[in-house]
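Chain by chain, the residues:
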Amino acid sequence: MVGKILLKLKGRFGLLKKVRSGGFVLIEFAIALPLLVMILYSLAMVSLNIFRLGRDQLADYVLEAEAQYAMKRITQAARFAKDVQTYGDSSIVKFVYHSLGNTGYNKPIPDLKNMQYLLYTSRDIRETRYFRGYKRANRNYPNLYVERQEGSYTNPITGDNYFGDTKLNYLHCALDKPKKILHIELELESLVTERKIKIATAVFMPGLEVE
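Residues numbered from 1 in each chain as written. Predicted model: local features only at pLDDT ≥ 70, side-chain atom pairs only at ≥ 80, totals over all residues. Heavy atoms only, no water.

1. Description of the overall build of the protein
For clarity, the threshold we go by: Counting from the N terminus, the helices are the DSSP runs of H or I reaching at least four residues and the strands are the DSSP runs of E reaching at least two. When accessible area is computed with a 1.4 Å probe and restricted to protein chains, residues below 20% of their type maximum are described as buried, those above 50% as exposed, and intermediate ones as partly exposed. The contact rule is simple, with two residues in contact once any of their heavy atoms fall within 4.5 Å. Computed with a 1.4 Å probe, the accessible areas rest on the Shrake-Rupley method; for each residue, only the protein chains presented here act as cover.
Of the regular secondary structure elements, the protein holds 1 helix and 7 strands. Mapped in sequence order, the helices and strands of the protein form the string α-β-β-β-β-β-β-β. Counting the 211 residues in the protein, one finds 26% classified as buried. When contacts within the protein are restricted to residue pairs at least 6 apart in sequence, long-range pairs at least 24 apart make up 49% of them. Accessible surface computed for the protein: about 15000 Å², of which carbon and sulfur atoms make up 59%.

2. A short note on the environment of Leu63
Along the chain, Leu63 falls in helix α1 (residues 2–80). Counting along the chain gives 134 residues from Leu63 to Ile197, while the straight-line C-alpha distance between them is 7.4 Å. Sequence-distant contacts of Leu63, that is, excluding residues within four places in its chain, are made with Thr166, Leu188, Glu189, Ser190, Arg195, Lys196 and Ile197.

3. Some remarks on unusual backbone geometry
Excluding glycine, a negative phi dihedral is what most residues carry, and trans is how most peptide bonds are arranged. The phi dihedral of Asp160 falls on the positive side, at around 60 degrees, and the residue is not glycine. Here Asp160 shows up in the loop between β4 (143–147) and β5 (166–176). You can call Asp160 partly exposed: its relative accessible area is 42%. You will see that Glu194, though not glycine, has its phi angle at about 65 degrees, which is positive. When you line up the elements, Glu194 lands in the loop between β6 (181–190) and β7 (196–204). Accessibility expressed as a relative area gives 61% for Glu194, which makes it exposed.

4. Quick word on the nonpolar core
In plain terms, the rule: Definition used in this section: a nonpolar core is a set of buried Ala, Val, Leu, Ile, Met, Phe, Trp, Tyr and Cys residues joined via side-chain atoms within 4.5 Å.
Within the largest apolar cluster, 27 residues are counted, with the highest numbers of intra-cluster contacts made by Phe95, Phe131, Leu171, Leu182 and Ile184. Of all the secondary structure elements, the ones that give two or more residues to this core are α1, β2 (92–108), β4, β5, β6 and β7. Considering each element in turn, this core owes the most residues, 7 residues, to α1. Beyond its immediate stretch of four places on either side in the chain, Ile184 contacts Met71, Ile74, Thr75, Leu171, His172, Cys173, Ile199, Ala200, Thr201 and Val203.

5. Some thoughts on the side chain of Thr158
Filter applied, for reference: Whenever a nitrogen or oxygen atom comes within 3.5 Å of another N or O atom, the pair is scored as a polar contact, on the condition that within protein one atom can donate a hydrogen and the other can accept it, and that pairs from neighbouring residues in sequence are kept only if both atoms are in side chains.
Here Thr158 shows up in the loop between β4 and β5. Take Thr158: its relative accessible area is 0%, and that puts it in the buried class. In terms of polar contacts, Thr158 uses its side chain to reach the backbone amide nitrogen of Leu144, at 2.9 Å. Setting aside its immediate chain neighbours within four residues, Thr158 contacts Glu66, Ala70, Asn143, Leu144, Thr166 and Leu188.

Nothing here speaks to function; it is geometry throughout.
See below:
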């Protein structure tokens, strides 16, 4: 009789031990799961912040590089131009150059029938270069274009960069004709970081024709 009672107690004690062991596993899992989620979330946020920081730094570099390149193109054009036309606050400036163009035509050789030679002559021609802001149909913001002819928009020198798109806020040019000095102000803005960069300079135009 006593042996049967001891066997029953032993069986109940073992069952209780198993239940308690299973309960501890559930509690540990319930505590560890939120901690694991928090760790994974923190890692994801850190990775996202690192990505955003790298993207913003690259976009700001593109903004600075495009502004410097655009100003370099404008100042180089100004130094060699014979005439310049500004249009107030319309983000347009027109440069005019003197250039030599070759014209060839056939001329008969004296005393030789049906013999000709090709004669080239040089003539002074005027070429133009336009810097102006223009917004394409599929864009919401203007870019800066440089073209040889008015009304042609095929050569943008700012914007549409894969690593950080930009927009032209304004291009202002004012000419001090007696001093042959062109004052230039250019401002670009990053469409990624919304940061702005403004460059202003004055260029002496030695070849400017002053009447």
